[in-house]
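Summary of structural features
Spelled out from the first residue to the last, the chains are:
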Amino acid sequence: MIKTIIVDDEEHCTDSLMRLINASGDALFVVAKCTSVRQAKDAIVTLNPDVVFLDVHLENETGFELLEQLPKIDFELIFTTAFDTYAVEAFRFSALDYLLKPIAASDFATTITKIKQKIGLKDTAKKLEILFHNFEERTDGLKKIAVPTVDGITFLSILDIEVI
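Residues numbered from 1 in each chain as written. Predicted model: local features only at pLDDT ≥ 70, side-chain atom pairs only at ≥ 80, totals over all residues. Heavy atoms only, no water.

1. Some details on the pairing of strand β6 (residues 76-81)
Across a regular strand the side chains alternate sides, sitting on one face of the sheet and then on the other. Let me state the cut-off plainly: Residue burial is assigned from relative accessible area. The probe radius is 1.4 Å, only protein chains are included, and a residue is buried under 20% of its type maximum, exposed over 50%, and partly exposed in between. The helix and strand labels rest on DSSP assignments: H or I over at least four residues marks a helix, E over at least two residues marks a strand, and numbering proceeds from the N terminus. DSSP calls a pair of strands paired once it identifies at least 2 bridges connecting them.
For β6, a buried count of 6 out of 6 residues is recorded, marking the element as mostly surrounded by other parts of the structure. Judged by which residues are buried, β6 turns out to be covered on both faces: Glu 76, Ile 78 and Thr 80 on one side and Leu 77, Phe 79 and Thr 81 on the other are all buried. Two elements, strand β3 (residues 51-55) and β6, share 5 bridges in a ladder whose sense is parallel. By the bridge assignment, Val 52 is partnered in β6 with Leu 77. The pairing of β6 with strand β7 (residues 97-100) spans 4 bridges and is classified as parallel. Bridge assignment links Ile 78 to a residue of β7, and that residue is Asp 97.

2. What to know about helix α2 (residues 37-47)
Where we set the bar: The directions considered for the arc run from the helix axis to the C-beta atoms. Contacts were defined at the residue level, with two residues in contact if any of their heavy atoms lie within 4.5 Å.
Taken together, the buried positions of α2 are occupied by Val 37, Ala 40, Ala 43 and Ile 44. Buried residues along α2 cover an arc of 130 degrees about the axis, so they all sit on one side. The exposed set on the far side of α2, more than 90 degrees from its buried face, consists of Arg 38, Val 45 and Thr 46. Those residues of α2 that are buried lie in contact with β1 (2-7), β2 (28-34), β3, β4 (57-58), β5 (61-62) and α3 (63-69). Directly beyond the C-terminal end of α2, a positive phi value near 50 degrees is found at Asn 48.

3. Here's the deal with the pattern of salt bridges
Quick reminder of the rule: The term salt bridge refers to a pairing of a side-chain nitrogen on Lys or Arg with a carboxyl oxygen on Asp or Glu at a separation within 4 Å.
Taken as a whole and assessed by the stated rule, the structure comprises 5 salt bridges. Across the pair Asp 74 and Lys 72 runs a salt bridge whose closest N-O atoms are separated by 3.4 Å. Overall, Asp 74 belongs to the partly exposed group, its relative accessible area being 36%. Taking the relative accessible area as the measure of exposure, Lys 72 reaches 55% and is therefore exposed. Members of the salt-bridge network, linked through shared partners, are Asp 8, Asp 55 and Lys 101.

Following this line, the structure appears as C-alpha cells:
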C-alpha cells in the first residue's frame, strides 16, 4: 500500500480526488485529508507518507509555503490545482506531476503509473543497498535482510532473527 495524504481546502475537490483514488484500485491508501498548511505539516511529519496530493491555494496560504516549512521532502509530490501558472514553481520542488482541476480520469491514471514506478524504484534501491551492504566482509553483526511487509520493506539484522 502506498500511504497517501490529500491536502486541499475545498471538500468537493477532495471528494473528487477520493473517487479517482478509489476507482484506481487498492494501490493508494489515504491516511489523512488536510485542509490547511498546519494540518498538512503535522500529518506529513507524523505519518511519513509516500505520496502527497497538494493544492496550490489553501485558505490564505499556499502549498509552496507548506513545502518550505518541511525539514525534508521525502515523498512523491503531486500538485492539484485549477491554475496552470504554478507549474514551473511546482517542479522546482521536484513534483512528480501537476494535475489541473477538474482532474481527468486519464490524467490521473497516468499519474498513478508514475507513482507506482517511482515507489518501485525506491524499493529496488533499498534492496540493492542492503544487498551491497551484506556483500561487504564485516563480522560486526551489521548484516541485514529485507523482509516484505504490508507497509513496504522492513530491514532486520541477521543477529535479531531466532529460529525456533
